[in-house]
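Now for the letters of each chain:
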Amino acid sequence: VQLVESGGGLVQAGDSLRLSCAASGSTFSISAMGWYRQAPGKQRELVAAITSGGGITNYADSVKGRFTISRDSAKNTMYLQMNSLKPEDTAVYYCKAQGATMGTAWGQGTQVTVSV
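Counting restarts for each chain, with residues numbered from 1 along the sequence as it is written. Residues qualify for local features only when their pLDDT is at least 70, as the model is predicted, and side-chain atom pairs are given and counted only at 80 or more; totals for whole chains, interfaces and linings, by contrast, use all residues. Computation of side-chain values covers all heavy atoms of the structure but excludes hydrogens and water.

**Overview of the side chain of Ser20**
Here is step 1: Think of it this way: any DSSP run of H or I at least four residues long counts as a helix, any run of E at least two long counts as a strand, and we number them from the N terminus. Within the secondary structure, Ser20 sits in strand E3 (residues 17–24).
Here is step 2: Relative accessibility thresholds used throughout: buried, under 20% of the residue-type maximum; exposed, over 50%; partly exposed, between the two (1.4 Å probe, protein chains only). On the basis of relative accessibility, which here comes to 17%, the residue Ser20 falls in the buried class.
Here is step 3: Note on contacts: a residue pair is in contact if any heavy atoms of the two residues lie within 4.5 Å. Non-local contacts of Ser20, meaning those with residues more than four positions away in its chain, are made with Val4, Glu5, Ser6, Trp35, Thr77, Met78 and Tyr79.

**Section: the pattern of salt bridges**
Think of it this way: side chains of opposite charge can pair up when their charged atoms draw near.
Here is step 1: Note on definitions: salt bridges are taken to be side-chain nitrogens of Lys or Arg within 4 Å of carboxyl oxygens of Asp or Glu. Applying the stated criterion across every chain, the model contains four salt bridges.
Here is step 2: Lys64 is the salt-bridge partner of Asp61, the closest N and O atoms lying 3.1 Å from each other. For the pair shown, Asp61 and Lys64 are each scored as exposed.
Here is step 3: Asp89 is the salt-bridge partner of Arg66, the closest N and O atoms lying 2.8 Å from each other. Within this pair, whereas Arg66 is found in the loop between strand E6 (57–59) and strand E7 (67–72), its partner Asp89 is found in the loop between strand E8 (77–82) and strand E9 (91–99), the two being separated by 23 residues in sequence. The same class applies to Arg66 and to Asp89, which are both buried.
Here is step 4: Taken together, the shared-partner salt bridges in this structure form one network comprising Arg37, Glu45, Arg66 and Asp89.

**Some points on the state of the cysteines**
Here is step 1: Working definition: a disulfide is two cysteine sulfur atoms within 2.5 Å of each other. Enumeration over the complete set of coordinates arrives at one disulfide.
Here is step 2: Linked covalently through their sulfurs, Cys21 and Cys95 form a disulfide whose S-S length is 1.9 Å. Looking down the S-S bond of the Cys21 and Cys95 bridge, the torsion is -70°, so its handedness is left-handed. Linking Cys21 in strand E3 with Cys95 in strand E9, this pair joins segments that are 74 residues apart in sequence.
Here is step 3: By relative accessible area, Cys95 is classed as buried at 0%.

And the structure:
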């Protein structure tokens, strides 16, 4: 499975962005996907996750109520709608996919920068 993120950019605090993660290859083997982020000098952390059918989602406390994860299986694409962005949301955002037979795959990351 190959993953390609897009949609990052430079925005002001309070603005919104939507990230996309397009999957290709053996996408049928994906059981769950997620968004992670890594700020300079910090460890990579889970932002949100979603099961293959989209029925179960999970969010980091820091983004609950502001971010929404979704998945369009027909397009093999996962999204992260980010509203009310804060400077502390600044990070490189990575897409991750996992499955029993495919193991784990990561995208190359997309930069999100939120200015005050």
